[in-house]
Amino acid sequence: MSRRDRRAAPTAGSDRCTVTVCRGCCCGTAKIPGVDHAAQLAGLRGALEGTARVRVTDCLSACEHANVIVVQPSAAGRAAGGRPVWLGLVNDPDAADDIATWVRSGGPGLAEPPGVLDLYAFAPSRRIRQAVES
């Protein structure tokens, strides 16, 4: 049986985007100075309440891009071709606001991200992607 076959069925929340916020060894710590990490997380949770699931995870092993946020599409977004979008160096309150605005508009597959988010997008290694996106 493949790993894919053993995955759990989509949850009730899969009709919404999932925003994964790294808070591991570098992200969300004093290693990234000048950022109010607690306010960033609280702001995302507040802005996306009822719209998206916001979850915190331990280290995503992309420390060179700290602070890292991954936006996973809703079921409808995935059906429309949306794939998870990895955003790094999200150390500016405006970037978190842009992410929230995009997700409220539908997120990956359903809405075009604000152009400025292209500056934050990166592609992690396949090993790291598989660990988060499965």
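See the structure shown above.
So, how was this worked out
Residues numbered from 1 in each chain as written. Predicted model: local features only at pLDDT ≥ 70, side-chain atom pairs only at ≥ 80, totals over all residues. Heavy atoms only, no water. Helix = DSSP H or I, 4+ residues; strand = E, 2+ residues; numbered from the N terminus. Contact = heavy atoms within 4.5 Å. Axes fitted to C-alpha atoms, helices over the stretch in contact; angles between N-to-C directions. Parallel < 35°, antiparallel > 145°, perpendicular 65-115°, else oblique. Left-handed = near helix turned anticlockwise from the far one by under 90°. Pairing = 2+ DSSP bridges. Expected span 1.5 Å × (residues − 1). Buried < 20%, exposed > 50% of the residue type's maximum accessible area, 1.4 Å probe, protein only. Arc of directions from axis to C-beta. Lys, Arg positive; Asp, Glu negative; His and termini not counted. Salt bridge = Lys/Arg side-chain N within 4 Å of Asp/Glu carboxyl O. Polar contact = N/O pair within 3.5 Å; in protein donor to acceptor, adjacent residues only side chain to side chain.

1. Section: the environment of Thr 18
Turning to step 1, where the next piece is worked out: Positionally, Thr 18 belongs in strand S1 (residues 17-22).
Turning to step 2, where the next piece is worked out: It is 9.2 Å that separates the C-alpha atoms of Thr 18 and Pro 84, two residues lying 66 residues apart in sequence.
Turning to step 3, where the next piece is worked out: Apart from residues lying up to four places away in sequence, Thr 18 is in contact with Arg 53, Arg 55, Val 70, Val 71 and Gln 72.

2. Quick word on the packing of helix H2 (residues 37-48) against helix H4 (residues 93-104)
Turning to step 1, where the next piece is worked out: Contact geometry of H2 with H4 gives a least axis separation of 10 Å together with a crossing angle of 20°. With respect to H4, the axis of H2 lies roughly parallel. For the pair H2 and H4, the crossing hand works out as right-handed. Together, Gln 40, Leu 44, Ala 47 and Leu 48 of H2 and Ala 96, Ala 100, Val 103 and Arg 104 of H4 make up the contact between the two elements.

3. A short note on the sheet that holds strand S4 (residues 85-87)
Turning to step 1, where the next piece is worked out: Overall, mixed pairing links the four strands, which are arranged S2-S1-S3-S4 in an open sheet. Unpaired on one side and paired on the other, strand S2 (52-57) and S4 mark the two borders of the sheet. In this sheet, adjacent strand axes meet at a mean angle of 20° when their direction is disregarded.
Turning to step 2, where the next piece is worked out: As defined by bridge partners, S1 adjoins S2 across six bridges and the pair is classed as parallel. What sits directly across from Cys 17, in S2, is Ala 52.
Turning to step 3, where the next piece is worked out: Across the sheet, H2 lies against S1, S2 and strand S3 (69-72), angled at about 160° from S2, the strand it touches most.

4. With respect to H2
Turning to step 1, where the next piece is worked out: Relative to the 16 Å expected for 12 residues at 1.5 Å per residue, H2 spans 17 Å between its end C-alpha atoms, a close match to the ideal helical length.
Turning to step 2, where the next piece is worked out: By the burial criterion, the buried members of H2 are His 37, Gln 40, Leu 41, Leu 44 and Leu 48. End-on, the buried residues of H2 take up no more than an arc of 95°, which puts them together on one face.
Turning to step 3, where the next piece is worked out: On its buried face, H2 sits against S1, S2, S3 and H4.

5. Observations regarding the pairing of S3
Turning to step 1, where the next piece is worked out: Of the two faces of S3, the one holding Ile 69 and Val 71 and the one holding Val 70 and Gln 72 are both buried throughout.
Turning to step 2, where the next piece is worked out: Inspection of the sheet shows S3 paired to S4 by three bridges, in the antiparallel sense. Each bridged residue has a counterpart across the sheet, and for Ile 69 the counterpart in S4 is Leu 87.

6. Side note on the side chain of Arg 23
Turning to step 1, where the next piece is worked out: Along the chain, the position of Arg 23 falls in the loop between S1 and H2.
Turning to step 2, where the next piece is worked out: Despite being buried, Arg 23 has no salt bridge partner; Asp 36 is the closest side chain of opposite charge, sitting 8.1 Å away.
Turning to step 3, where the next piece is worked out: Engagement of the side chain of Arg 23 in a polar contact is seen with the backbone oxygen of His 37, the distance being 3.4 Å.
Turning to step 4, where the next piece is worked out: Among the polar contacts made by the side chain of Arg 23, one reaches the side chain of Gln 40 at a distance of 2.6 Å.

Keep in mind these numbers describe shape, not what the thing actually does.
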